[in-house]
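Remarks on the overall topology
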Amino acid sequence: PNFITSPPMLIELLNYGFFQRALLAGMLMGILAPLIGIFFVARRQAFFADTLAHASLAGVAIGIVVGLESVWAAMVASLVAAVGMEWLRRHARLSGDAALALVLSGSLAFAVLLLSMTNSWNTQVLSYLFGSVTTVTWPDVYSMAGVALVVGGVLYMGRGVFFLATADARLAKVQGIAIEGYEAIFVMLAALVVAVGMRVVGALLVSALLVIPVLAANMWKKGFWQTMGIGVVYGVFSVVIGLFSSAIIDTPTGATIVLTSLVLFGVTSFVQK
């Protein structure tokens, strides 16, 4: 979906209520994505978020069919998928990649089948596939703000354990830390972030916003928490520039945001070289 048909002045955009909501929601996602994404990158699990995004589509499909709020249905589906992947990895003795592939393909097939059988394909489904930040409502913004507070608070309180579990899980176990519990908490936080991020960039692109700003921040070769901070700056900058660029040149917002982050990644790579 596009903003408007004629390119407005940048200042005039801020007078539109839909753009104010889009800007707030996008900035919240720009903060949330690197907070979770840096752990995915450090663990070399970049496709974990992509799997959660596809799994949340199953929740969107169920919500549309039974008349539930799609955002909350997507959150529940993401949480179930996250817990299911952890269970498969530990109890079914599947490798991480195998568990990801199993959940991704199964949830996507279920969503497509359910929507096709009920003839429920509509613009709402497309907005969750490709993002529709211009249709974000104030309750959506409040939901994202709540998720941001929860994720930020949990990561801050458990920052030492989360970092140790990411850097050296074996050392954490030797020190007697119940790492399984913290990993379960982390995947649930990731599921929430992915579910709310679908409204901004869509299920097909949300993993890019989690990963690309962190990859760009890594090029500065700073410490873990400094890299997280730089990644947040990159994420917010990508969203803001992407939103304004989308409004001016009349392009899909989610794709423009992701391409903006790719440009920032390229510029950072050039500067570092």
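An account of the accompanying structure is given in this report. (Residues numbered from 1 in each chain as written. Predicted model: local features only at pLDDT ≥ 70, side-chain atom pairs only at ≥ 80, totals over all residues. Heavy atoms only, no water.)

The number of helices and strands found in the protein chain is 13 helices and zero strands. Along the chain direction, N to C, the helices and strands of the protein chain fall in the order α-α-α-α-α-α-α-α-α-α-α-α-α. The principal-axis extent of the C-alpha atoms belonging to the protein chain is close to 60 × 50 × 30 Å. Within the protein chain, the fraction of its 273 residues that count as buried is 51%. Sequence separation of at least 24 residues holds for 77% of the intrachain contacts in the protein chain that already meet a minimum separation of 6. When the accessible area of the protein chain is evaluated, it comes to approximately 12,800 Å², of which 69% is carbon and sulfur surface. Averaged over its 13 positive side-chain charges, the protein chain has a centre that lies 11 Å from the centre of its 10 negative ones. (Helix = DSSP H or I, 4+ residues; strand = E, 2+ residues; numbered from the N terminus. Buried < 20%, exposed > 50% of the residue type's maximum accessible area, 1.4 Å probe, protein only. Contact = heavy atoms within 4.5 Å. Areas by Shrake-Rupley, 256 points an atom, 1.4 Å probe, with all protein chains shown as cover. Lys, Arg positive; Asp, Glu negative; His and termini not counted. Charge placed at Lys NZ, Arg CZ, Asp CG, Glu CD.)

A separate point is the packing of aromatic side chains. Summed over all chains, the structure comprises eleven aromatic pairs. Between Phe-224 and Trp-225, the aromatic rings sit 4.9 Å apart at their centres with planes inclined by 85°, giving edge-to-face as the arrangement. Ring pairs connect the aromatic residues Phe-39, Phe-40, Phe-48, Phe-162, Phe-163, Tyr-182, Phe-186, Phe-224 and Trp-225, which therefore count as one cluster. Over the face of the ring belonging to Phe-186 we find Arg-43, whose NZ or CZ atom lies 4.7 Å from the ring centre. Directly above the aromatic system of Tyr-156 lies the positively charged group of Arg-159, at a separation of 4.2 Å from the ring centroid. (Phe/Tyr/Trp six-rings, centres within 6.5 Å; stacked < 30°, edge-to-face > 60°. Lys NZ or Arg CZ within 6 Å of the ring centre and 35° of its normal.)

Let's shift gears to the nonpolar core. One finds Met-29, Ile-36, Leu-52 and Leu-210 to be the most contacted residues of the largest nonpolar core, which totals 79 residues. A per-element tally of this core places helix H2 (residues 17–43) first, with 15 residues. With residues up to four places along the chain from it excluded, the contact list for Ile-36 reads Val-151, Leu-155, Phe-186, Leu-189, Ala-190, Val-193 and Leu-210. (Core = buried A, V, L, I, M, F, W, Y, C linked by side-chain atoms within 4.5 Å.)

Moving on to helix H10 (residues 179–201). The first and last C-alpha atoms of H10 sit 32 Å apart over 23 residues, in line with the 33 Å expected at 1.5 Å per residue. Among the residues trailing H10, Gly-202 stands out with phi positive, at a value near 90°. (Expected span 1.5 Å × (residues − 1).)

As a further point, take the packing of helix H12 (residues 224–249) against helix H13 (residues 253–272). Running from N to C, H12 and H13 cross one another at 125°; their axes reach a closest spacing of 8 Å. In this view, H12 runs oblique relative to H13, as classed from their interaxial angle. In this structure, H12 meets H13 at a crossing whose hand is right-handed. Where H12 abuts H13, its residues Tyr-234, Phe-237, Ser-238, Val-239, Ile-241, Gly-242, Leu-243, Ser-245 and Ser-246 lie against Thr-253, Thr-256, Ile-257, Thr-260, Ser-261, Leu-264 and Thr-268. Of the residues in the contact of H12 with H13, the class split is seven nonpolar, nine polar and no charged. (Axes fitted to C-alpha atoms, helices over the stretch in contact; angles between N-to-C directions. Parallel < 35°, antiparallel > 145°, perpendicular 65-115°, else oblique. Left-handed = near helix turned anticlockwise from the far one by under 90°. Nonpolar A, V, L, I, M, F, W, Y, C, P; charged D, E, K, R; others polar.)

Take helix H8 (residues 159–167) next. Among the residues of H8, Val-161, Phe-162, Leu-164, Ala-165 and Thr-166 are the ones counted as buried. Of the surrounding elements, those touching the buried residues of H8 are H2, helix H7 (138–157), helix H9 (169–174) and H10.

This part covers unusual backbone geometry. Only a minority of non-glycine residues have a phi that is not negative, and only a minority of peptide bonds are not trans. Here the phi dihedral of Lys-221 falls at roughly 55°; this positive angle occurs in a residue that is not glycine. Tracing the backbone shows Lys-221 in the loop between helix H11 (206–218) and H12. If you check the backbone angles, Asp-250 has positive phi at about 60° while not being a glycine. Relative to the elements of secondary structure, Asp-250 occurs in the loop between H12 and H13.

Right, let's get into the side chain of Thr-51. You can see Thr-51 is positioned in helix H3 (residues 46–66). Its relative accessible area of 1% is what places Thr-51 among the buried residues.

Attention shifts here to the environment of Gly-26. Following the sequence through the fold, Gly-26 ends up in helix H2. Through-space distance from the C-alpha of Gly-26 to that of Ile-257 is 9.4 Å; in sequence the pair is 231 residues apart. Excluding its chain neighbours within four sequence positions, the residues that come into contact with Gly-26 are Val-200 and Val-239.

Turning our attention to the environment of Ala-111. Within the element layout of this structure, Ala-111 appears in helix H5 (residues 96–117). The buried category is assigned to Ala-111, whose relative accessible area is 3%. Taking C-alpha positions, Ala-111 is 8.8 Å from His-54, a pair spaced 57 residues apart along the chain.

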